[in-house]
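Here are the chains, one letter per residue:
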Amino acid sequence: MPEQTPAHTTNTDKEIPFSLSKKDQAAADNRLSWDDLYSLGPDSTLQEGVPQGKVIEYHWKSTQVYPGTERDYWLYIPRQYDGTQPACLMVFQDGQAYLDPATNIPVVFDNLIHKQEMPVTIGLFVNPGDKGPGIPIWGGGGNRSFEYDSLGDRYARFLIDELIPEVEKHYKIVSDPADRAVCGFSSGGVCAFTVAWERPDAFRKVVSHCGSFTNIRGGHNYPSLVRKTETKPLRVFLQTGANDLDIVFGSWAIANRDMAAALAYREYDYQFVFGEGGHSLKHGGEIFPETMRWLWRDSLKDK
């Protein structure tokens, strides 16, 4: 969802102009109202005797796929990584949000890797680009919606052709797409699915929290596309809640139910968790350790 919500803006895609309704503004303002329903458990908190990985911050100026944009990104390197064997990879959109103590993803990785409940995995936490058209109706000046909500392989190419090769200059990463995952929240969630959908040769594991499979830049087409397309070798985790957004772009709860039904129809390896929460990472954060156990359940051998 947008990072800023001015009272009256127009669609930057030159469609029929809309004004942001008071109802949609209220829904956006109340999206965190159900956060108290969820809290982090022991696997998401520091544990005595567990080796801690390191998180390193970087900055990237895109010259190929999104020229003129800049962004921060972070690498989580587990303590168990010693460079002798390639590590699995997990990419997070809205990377800074996933590093927040509200989700504590590096701590989850530390604990599960230590218990050998997930493989040694490097985390790539990527923020969206800083210059762009904003989001339809809400406006703004970031590139997040353009990068995340758009269908097609452009963002996948950004990861595969630009950012991952930079990481590989310093760290060994597996080439097997079954050991590469991509994760995101809201628009980042539909983006995660798009990356794997377009490039299953590079990523085959997906985690989508409150994914925007709604009519922002085409994500609402996915349930039909999934049903009509030969099953791809993907493992997909979806999470949303009964109080997720219901605004002009669509209902997030309904959209994610439709995605889950489409994945079931095509007999995908998928899991759908439907809670009571709103449009936030609180529920996804609480269940993240179990999500990782499910996602990586067959990737522990020889790692």
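Residues numbered from 1 in each chain as written. Predicted model: local features only at pLDDT ≥ 70, side-chain atom pairs only at ≥ 80, totals over all residues. Heavy atoms only, no water.

## Quick notes on the overall build of the protein
Formally: For the purposes of this entry, the term helix denotes a DSSP run of H or I that reaches at least four residues, the term strand denotes a run of E that reaches at least two, and both are numbered from the N terminus. It is over C-alpha atoms that the radius of gyration is taken, and the globule rule equals 2.2 Å times the number of residues to the power 0.38. Three labels apply to residues, based on accessible area from a 1.4 Å probe with only protein chains included: buried if under 20% of the type maximum, exposed if over 50%, partly exposed otherwise in between. Throughout, a residue-residue contact means that at least one pair of heavy atoms, one from each residue, lies within 4.5 Å. The protein chains shown are the only cover counted for residues, whose accessible areas, like all others here, come from Shrake-Rupley with a 1.4 Å probe.
A tally of regular secondary structure across the protein gives 10 helices and 10 strands. For a compact globule of 303 residues, the expected C-alpha radius of gyration is about 19 Å, and the protein comes in at 18 Å, within 12% of that figure. Each principal axis of the C-alpha atoms in the protein carries an extent, and together these give about 55 × 40 × 40 Å. When the 303 residues of the protein are sorted by exposure, 55% land in the buried category. Taking as baseline every contact in the protein between residues at least 6 positions apart, the subset at least 24 positions apart corresponds to 77%. Carbon and sulfur atoms make up 48% of the accessible area of the protein, which totals about 12,800 Å².

## A look at the packing of helix 3 (residues 105-114) against helix 10 (residues 288-295)
Cut-off, in case you're wondering: Note on geometry: axes are C-alpha line fits, over the in-contact stretch for helices, and angles between N-to-C directions span 0 to 180 degrees. Note that the term roughly parallel is reserved for angles under 35 degrees, roughly antiparallel for angles over 145, roughly perpendicular for angles of 65 to 115, and oblique for everything else. In this scheme the crossing of two helices becomes right-handed for a clockwise turn of the near helix relative to the far one and left-handed for an anticlockwise turn of less than a right angle. The nonpolar class holds Ala, Val, Leu, Ile, Met, Phe, Trp, Tyr, Cys and Pro. Asp, Glu, Lys and Arg form the charged class, and all remaining residues, Gly among them, are polar.
Put simply, helix 3 and helix 10 touch, their axes get as near as 10 Å, and they point 50 degrees apart. Taken together, helix 3 and helix 10 sit at an angle that is classed as oblique. In this structure, helix 3 meets helix 10 at a crossing whose hand is right-handed. For the pair helix 3 and helix 10, contact is made by Ile105, Val108, Phe109 and Leu112 and by Phe288, Pro289, Met292 and Arg293, respectively. When grouped by side-chain class, the residues that make up the contact of helix 3 with helix 10 number seven nonpolar, no polar and one charged.

## So, the sheet that holds strand 1 (residues 54-61)
In plain terms, the rule: Here, a strand pair is defined by DSSP locating no fewer than two bridges between the strands.
The strand order across the open sheet formed by eight strands is 1-2-4-3-5-6-7-10, and the pairing between neighbours is mixed. Bordering the open sheet on either side are strand 1 and strand 10 (269-275), each of which pairs with just one other strand. Pairs of neighbouring strands in the sheet enclose a mean axial angle of 15 degrees, with direction left out of account. Relative to strand 6 (residues 205-209), strand 5 (residues 180-185) runs parallel, the two being bridged by five bridges. Considered in strand 6, the bridge of Ala181 is made with Lys205.

## Things to note about the pattern of salt bridges
Heads up, the rule is: Salt bridges are counted wherever a side-chain nitrogen of Lys or Arg sits within 4 Å of a carboxyl oxygen of Asp or Glu.
Evaluation of the coordinates by the stated rule reveals 15 salt bridges. Between Glu117 and Lys115 there is a salt bridge, with the nearest N and O atoms lying 3.8 Å from each other. Residue Asp201 pairs with Arg199 through a salt bridge whose shortest N-O separation is 2.8 Å. The partly exposed category is assigned to Asp201, whose relative accessible area is 44%. Connected through salt bridges with shared partners, the residues Asp43, Lys115, Glu117, Glu290 and Arg293 form a single ionic network.

## Re the environment of Thr63
Along the polypeptide, Thr63 turns up in the loop between strand 1 and strand 2 (70-77). Each C-alpha atom, one on Thr63 and one on Phe158, is 9.9 Å from the other, the two residues being 95 residues apart in sequence.

## Here's the deal with helix 8 (residues 252-265)
The condition that has to hold: The span you would expect from a helix comes to 1.5 Å times its residue count less one.
The end-to-end C-alpha distance of helix 8, which contains 14 residues, comes to 20 Å, matching closely the 20 Å that a straight helix rising 1.5 Å per residue would cover. Taken together, the buried positions of helix 8 are Trp252, Ala253, Ala255, Asn256, Met259, Ala260, Ala262 and Leu263. Elements that come into contact with the buried residues of helix 8 comprise helix 6 (187-198), helix 7 (222-228), strand 7 (235-241), strand 8 (246-247), strand 9 (250-251) and strand 10. Directly after helix 8, the chain includes Glu267, whose backbone phi takes a positive value near 60 degrees.

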